[in-house]
Amino acid sequence: MPVRLILGTETSCDETAAAVVEDGRVLRSNVVASQFHLHQPYGGVVPEVASRHHLEVILQVIDTALAEGGAAWGDLAGVAVTAGPGLAGALLVGVNTAKALAWAHGLPLLAVNHLEAHLYANWIEVAGRAYREPELPALGLIVSGGHTDLVLMRGHGSYQRLGRTRDDAAGEAFDKVGRLLGLGFPGGPAIERAARGAAGAPRLRLPRAWLKGSDDFSFSGLKTAVLHVVRGEGGPPPPAPEVAAAFQASVVDVLSRKAAAAAAREGVRSLLLSGGVAANGPLREALVARSPVPVFAPPPVLCTDNGAMIAACAHYRFDGLRAGTDLDPNPAMRFAI
Ligand code: KG4
Ligand code: ZN
């Protein structure tokens, strides 16, 4: 059977990314131009800076993805693009570029939801790891800078949201606490690194919002608790690595226990971890330890934003995602309502 090659492009936040994926599974190329150094001085993503930079590099990123993937335009079955959710100006660059290229090369345009695509990073084959296709139904835990969603995936394109954060997203909490601790941006990897330097058994214990009886999450109380500790309100503030470790332990505990409980209750066959925060080592370990079903977690490079997950999602949902040249980005695009 001939293979199906899809070019996936992604510009919803601060990575300009493109990838070529074969049959939703084989990674032929994966190019990610991260802008984080441009936003670092501001401690967060500046939307206008993001859009402008996407515009400057997107064509080069796409050309590189095609060249590295050994694919010519004529080899492609479609061009997939993140249509939302995300920053309006940033999405506009990706959508208009994909639209123009698809039209110019006579290829189908496929409009992908960024959150759904994060789940599909788990369908991509990883070099050096035996391939296992996630079995459905699955429970998806999507933890990124903008979202914390617990989603029941019954089949390709069939989702039900079980819970979500009521305030901050998990990644947002990592980023804000990273800033409070003076660890820089993005906070997630910085906190994970700092926590590794915490000496001995943890002394500081921060609160956990269980929200019993619900699959929702809440991280704003935890963030405030960190603020009190950093301000030295209950005594002299502990060293930053200790606070980082206590904060990470709290987030990991809540995410892993609630996801494992939902997986058991819903009788799913796999648990799919995805989104930028899925790169976190302790979170991956805790989920594996607690989950009643096999846990899938992409390699870190496919956890954070990338074009490969967009292409993989478009492969499995090809007919359902076809869009016309009237496609507009949708910054508030819904998923699994
Ligand atoms: O999925 P993503 O790349 O972008 C969004 O769609 O939001 O996620 C970015 C988020 C940031 O908040 C970042 O701090 C977090 O993922 N992150 C991590 C780690 N790596 C990235 N959080 C915890 N531990 C990590 N190792
Ligand atoms: Zn993302």
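For every chain, the first residue of its written sequence is number 1, and the numbers climb from 1 along that sequence. The naming scheme follows written order: chains are lettered A onward, ligands numbered 1 onward. With pLDDT at 70 or above as the cut-off, local features in this predicted model cover only qualifying residues; side-chain atom pairs require 80 or more to be listed or tallied, and sums for whole chains, interfaces and linings still use all residues. Values shown for side chains rest on all heavy atoms present in the structure; no hydrogens or waters enter the calculation.

Draft legend 1. Highlighting the coordination of the zinc ion (ligand 2). In this analysis a donor is any N, O or S atom within 2.8 Å of a metal ion (3.2 Å for sodium, potassium and calcium), and since water is not included, sites may seem incomplete. Bound to the zinc ion (ligand 2) on the protein side are His 114 (NE2), His 118 (NE2) and Asp 305 (OD), at distances that span 2.0 to 2.1 Å. Here the donor residues of the zinc ion (ligand 2) share one chain and are spaced in sequence as H-x3-H-x186-D. Of the two residues, His 118 is situated in helix H4 (residues 114–120) and Asp 305 in the loop between helix H10 (300–303) and helix H11 (308–316); the sequence distance between them amounts to 187 residues. Each member of the pair, His 118 as well as Asp 305, is classed as buried. Each helix is a run of H or I in the DSSP string that is no shorter than four residues. Each strand is a run of E no shorter than two, and both are numbered from the N terminus. Type-normalised accessible area, obtained with a 1.4 Å probe on protein chains alone, sets the label of each residue: buried when under 20%, exposed when over 50%, and partly exposed for intermediate values.

Draft legend 2. Region of the structure containing helix H5 (residues 170–180). For H5, every residue scored as buried is listed here: Ala 170, Gly 171, Ala 173, Phe 174, Asp 175, Val 177 and Gly 178. Once H5 ends, the next one or two residues include Gly 182, with phi positive near 70 degrees.

Draft legend 3. Main features of the sheet that holds strand S5 (residues 109–113). The strand order across the open sheet formed by 6 strands is S3-S2-S1-S4-S5-S11, and the pairing between neighbours is mixed. Because the sheet does not close on itself, it has two edges, and the strands there are strand S3 (26–34) and strand S11 (322–323). Here helix H2 (residues 47–68) sits on the sheet in contact with strand S1 (5–10), strand S2 (15–22), S3 and strand S4 (76–84), set at roughly 20 degrees to S2. Sitting on the sheet, H11 is in contact with S1, S2, S3, S4 and S5, with an inclination near 130 degrees to S1. Strand pairing requires that DSSP identify at least two bridges connecting the strands. When checking whether two residues touch, look at their non-hydrogen atoms; a contact exists if any pair is within 4.5 Å. Axes here mean lines fitted to C-alpha atoms, for a helix over just the part in contact, with angles spanning 0 to 180 degrees between N-to-C directions.

Draft legend 4. Region of the structure containing the pattern of salt bridges. Salt bridge, as used here: a side-chain nitrogen of Lys or Arg that lies within 4 Å of a carboxyl oxygen of Asp or Glu. One pass over the structure, following the stated rule, counts 17 salt bridges. Two residues, Glu 242 and Arg 203, come together in a salt bridge whose shortest N-O distance is 2.9 Å. Of the two residues, Glu 242 sits in helix H8 (residues 240–266) while Arg 203 sits in the loop between helix H6 (187–196) and helix H7 (220–230), which places them 39 residues apart along the sequence. What makes Arg 203 exposed here is its relative accessible area of 68%.

Draft legend 5. Quick peek at unusual backbone geometry. In the segment running from Gly 84 into Pro 85, the intervening peptide bond is cis, with an omega of -10 degrees. Following the sequence through the fold, Pro 85 ends up in the loop between S4 and helix H3 (88–104). Despite not being glycine, Asp 23 has its phi angle at roughly 50 degrees, a positive value. Its place among the elements puts Asp 23 in the loop between S2 and S3. Even without glycine at this site, Leu 211 takes up a positive phi of about 45 degrees. Mapped onto the fold, Leu 211 is located in the loop between H6 and H7.

Draft legend 6. Seen up close, the domain arrangement of the chain. Partitioning the chain into structural domains gives domain 1 (5–126 + 302–323) and domain 2 (138–297). Placing a centre on the C-alpha atoms of domain 1 and another on those of domain 2 gives a separation of 26 Å. Contacts between the two partners involve 19 residues from domain 1 and, on the opposite side, 21 residues from domain 2. Here domain 1 and domain 2 share an interface that buries about 1600 Å² over both sides, 71% of which is from carbon and sulfur atoms. Among the residues domain 1 hides against domain 2, the three largest losses belong to Leu 119, Asn 122 and Cys 303. Together they make up 36% of the total. Across the domain 1-domain 2 interface, the total number found is 0 salt bridges. Under the rule applied, a polar contact is a pair of N or O atoms within 3.5 Å (in protein, one hydrogen donor and one hydrogen acceptor; residues adjacent in sequence only if both atoms are side-chain atoms). Our enumeration of links across domain 1 and domain 2 arrives at 6 residue pairs in polar contact (both at pLDDT 80 or more). Those elements giving two or more residues to the side of domain 1 that touches domain 2 turn out to be helix H1 (36–39) and H4. Note that the domain bounds were set by an automatic or database domain assignment. Put simply, buried area is the surface a 1.4 Å probe can reach on two separate parts but cannot reach once they are joined, added for both.

Draft legend 7. Local environment of the environment of Leu 227. For Leu 227, the location among the structural elements is in helix H7. Using a relative accessible area of 25% as the deciding quantity, one classes Leu 227 as partly exposed.

Draft legend 8. A look at the packing of H8 against helix H9 (residues 281–290). Contact geometry for H8 and H9: axes closest at 9 Å, N-to-C directions at 35 degrees. The handedness of the crossing between H8 and H9 is right-handed. Residue-level inspection shows Gln 248, Val 252, Asp 253, Leu 255, Ser 256, Arg 257, Ala 259 and Ala 260 of H8 in contact with H9, the latter providing Pro 282, Leu 283, Ala 286, Leu 287 and Arg 290. Each crossing gets its handedness from the near helix: less than a right angle anticlockwise from the far helix is left-handed, clockwise is right-handed.

Draft legend 9. A look at the pairing of S5. Most of S5 is tucked away, with 5 of its 5 residues classed as buried. Residue alternation in S5 divides its side chains into two sets, Leu 109, Ala 111 and Asn 113 and Leu 110 and Val 112, and both sets are buried. Inspection of the sheet shows S4 paired to S5 by 5 bridges, in the parallel sense. Paired with Gly 84 across the two strands is Asn 113, which belongs to S5. Seen with its strands pointing away from the viewer, a crossover is right-handed when the path leading from the first strand over the helix to the second is clockwise. In this view, the connection linking S4 to its parallel neighbour S5 by way of H3 has right-handed handedness. With 2 bridges connecting them, S5 and S11 associate as antiparallel partners. The residue of S11 that forms the bridge with Leu 110 is Arg 322.

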